[in-house]
Amino acid sequence: MADRIVIMGPGAVGSYVGAFLVQAGEDDITFIDMWPEHVEKMRAEGLRASGSQGDFTVPVNAMHLTDAQNITEPFDYAFITVKSYDTEWATHFVKRYVKDDGAFVSIQNCWNDPTIANIVGEDRQLGCIASHIEVALWEPAHVNRGGAPGRDHGHTVFRVGEYTGAITPRSEALAAKLDHIDAAYATDNLPGERWAKLCQNGMGNAISAMSQLGSQEMAGDDRIRRIRINLAKEGAQVGLAQGLRVVEINGTPAEFWADADRGDVFEELDGKLSEAGGRVNWLASMAQDVHKRRKSEVDFMNGLICEKGRETGVATPYHDAIVEAMRLVDSKAIAPGPENVDRVVRAIEG
Ligand SMILES: CC(C)(CO)C(=O)C(=O)O
């Protein structure tokens, strides 16, 4: 069925998803964004998607925030794709343009589903995890995917779940739309999926952001691998302590990460990480933000793991140190660079 979909805040993920949905030609897609040059260039030249899945440009309907007042026909879906710290106002802003029975889909990192559900109602909220999509918007109107397509190696990238839990015709229909881009499924386990992605981001994004090292450089550095294993261990322990059905984190069960203090488990995880540099030396989204001198999502990512750790009585010293260092980067008190890895090591290990 053709739906009217608005993509609210098309950064890298929103632009990538939107470009493919426009190309698929089944739905009517509108982009609303706060970056004037992005909107202007999309209007003038179309939206280009390049990288591991080919290179194409599609004409798109792109609007500045100030144009939205002219929207007359309400949308069936709003895909919320802004950074976490913009979720609240962006949801309020777009809500008036969505049908009363329309739905809101968080295609974001972190765990913004409760924030959106509080604004629109639980029964109108869905979350979509984009697992290992690896996309970047380095210039207006051009999104690039560095990561290998998940479908090629049995990995499901898009996981769509209702806030209220059960798989529904709506979550299945959305998964079918996203399956045009890469492998997708509907899930009845949004919190467990979210937490696994949070751990995946929590173990990589901030360390990449503060050091400005890419995925291959991080895979080749034994200190960074040790930090990352401990970050994943803490994240997995906190997720399991909350009673979540945490799905695999980077292809490995959460219980295994949680057990990383055992020497043999640590060795196995270390071996896996040393081989997981990826197809290109990729900068995680938080590293892209720091590079662009934008605010990071650290409080919504590692900060959330610390907060839930305190609630469940699980110690999170690595995440605490990461949050502290990233706040210094965010406030420009320290510059990003590889020396910040030593700062984190010193803060934890003395
Ligand atoms: C895990 C990773 C690095 C790729 O999907 C990501 O989600 C991000 O860059 O935020």
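Cut-off values and rules
- Residues numbered from 1 in each chain as written.
- Predicted model: local features only at pLDDT ≥ 70, side-chain atom pairs only at ≥ 80, totals over all residues.
- Heavy atoms only, no water.
- Helix = DSSP H or I, 4+ residues; strand = E, 2+ residues; numbered from the N terminus.
- Buried < 20%, exposed > 50% of the residue type's maximum accessible area, 1.4 Å probe, protein only.
- Salt bridge = Lys/Arg side-chain N within 4 Å of Asp/Glu carboxyl O.
- UniProt positions renumbered as here; feature names shortened; annotations may be inferred.
- Core = buried A, V, L, I, M, F, W, Y, C linked by side-chain atoms within 4.5 Å.
- Contact = heavy atoms within 4.5 Å.

A.B. asks: Which residues make up unusual backbone geometry, and what values do they have?
C.D. replies: Unusually for a residue other than glycine, Cys 110 sits at a positive phi of about 75°. Following the sequence through the fold, Cys 110 ends up in the loop between strand 7 (98-106) and helix 4 (113-120). Since its relative accessible area comes to 3%, Cys 110 is described here as buried.

A.B. asks: Describe the pattern of salt bridges, with residues and values.
C.D. replies: Pairing is possible between side chains that carry opposite charge, provided their charged atoms lie close to one another. According to the stated counting rule, one finds 24 salt bridges in the structure shown. Among the salt bridges present, the one from Asp 179 reaches Arg 151, with a minimum N-O distance of 3.3 Å. Taken together, the residues Asp 179 in the loop between helix 5 (169-178) and strand 12 (184-187) and Arg 151 in the loop between strand 10 (142-145) and strand 11 (158-162) connect sequence positions 28 residues apart. Residue Lys 308 pairs with Glu 311 through a salt bridge whose shortest N-O separation is 3.6 Å. Of this pair, Lys 308 and Glu 311 both sit in helix 13 (residues 302-312), three residues apart, which is roughly one turn of that helix. For Glu 311, a relative accessible area of 55% gives the class exposed. Members of the salt-bridge network, linked through shared partners, are Asp 3, Asp 27 and Lys 177.

A.B. asks: Go over the UniProt feature "domain: Ketopantoate reductase N-terminal" (unreviewed entry) in the chain with me, naming the residues and quoting the values.
C.D. replies: Mapped onto this numbering, the UniProt entry gives "domain: Ketopantoate reductase N-terminal" (unreviewed entry) at residues 5-149. The annotated region residues 5-149 carries 28% helix and 36% strand content, and the separation between its end C-alpha atoms amounts to 24 Å.

A.B. asks: Lay out the nonpolar core in plain terms, naming residues and giving numbers.
C.D. replies: Core analysis: the largest hydrophobic core is formed by 51 residues, its most contacted members being Trp 195, Ile 207, Met 210, Ile 227, Ile 249, Trp 257 and Met 326. Not counting the four nearest positions on each side in its chain, Ile 227 is found in contact with Ile 207, Tyr 318, Val 341, Val 344 and Val 345. Within the second largest apolar cluster, 40 residues are counted, among which are Ile 5, Ile 7, Phe 31 and Ala 141.

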